[in-house]
Amino acid sequence: MECQLDANKARCPCSYEPCSRKGKCCDCIAYHLKHDELPACVFSPEVEKTYDRSFARFVQLYTSQKS
Ligand code: SF4
């Protein structure tokens, strides 16, 4: 399977523009998991802009939405 780089870039919600991993989802996920983080696409736009990509922020975001 070929990488869908252009399609991935087109739908990537990450606001960190200089990132060389943009559209390379496998590299993006590997990078963030290595740092105990998640990629931008799992966060709401407001949280994504803070660049806090921690697991703790992810859990906080989704548990607060359910209550
Ligand atoms: S989520 Fe992280 S690795 Fe992925 S494009 Fe954004 S800054 Fe780069």
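Everything below is about the structure printed above this text.
Presented here is a report on the structure given in the accompanying data block.

About the cut-offs
Residues numbered from 1 in each chain as written. Predicted model: local features only at pLDDT ≥ 70, side-chain atom pairs only at ≥ 80, totals over all residues. Heavy atoms only, no water. Helix = DSSP H or I, 4+ residues; strand = E, 2+ residues; numbered from the N terminus. Buried < 20%, exposed > 50% of the residue type's maximum accessible area, 1.4 Å probe, protein only. Areas by Shrake-Rupley, 256 points an atom, 1.4 Å probe, with all protein chains shown as cover. Near = heavy atom within 4 Å. 1 Å grid on protein atoms, 1.4 Å probe; cavity = no way out; pocket = protein on both sides within 12 Å on 5 of 7 lines; lining within 4 Å. Sits in = over half its atoms within 2 Å of the grid points. Nonpolar A, V, L, I, M, F, W, Y, C, P; charged D, E, K, R; others polar.

Regarding the overall build of the chain
Next, step 1: In terms of helices and strands, the chain carries four helices and zero strands.
Next, step 2: If you list the helices and strands of the chain from N to C, you get α-α-α-α.
Next, step 3: Put simply, the chain has 67 residues, and 21% of those count as buried.
Next, step 4: Looking at the chain as shown, the accessible area adds up to about 5000 Å², and 57% of this sits on carbon and sulfur atoms.

As for the site of the ligand
Next, step 1: In the neighbourhood of the ligand, the contacting residues comprise Cys14, Tyr16, Cys19, Arg21, Lys22, Cys28, His32, Ala40 and Arg53.
Next, step 2: Judged by the fraction of its atoms near the pocket grid, the ligand is located in the largest pocket.
Next, step 3: Tallied by class, residues from the shell around the ligand come to five nonpolar, one polar and three charged.

Notes on unusual backbone geometry
Next, step 1: Even without glycine at this site, aspartate 36 takes up a positive phi of about 55°.
Next, step 2: Note on placement: aspartate 36 falls in the loop between helix 2 (25-34) and helix 3 (45-48).
Next, step 3: Owing to a relative accessible area of 53%, aspartate 36 belongs among the exposed residues under this scheme.
Next, step 4: The phi dihedral of tyrosine 51 falls on the positive side, at around 65°, and the residue is not glycine.
Next, step 5: You can see tyrosine 51 is positioned in the loop between helix 3 and helix 4 (55-66).

By themselves, these figures tell us nothing about what the structure is for.
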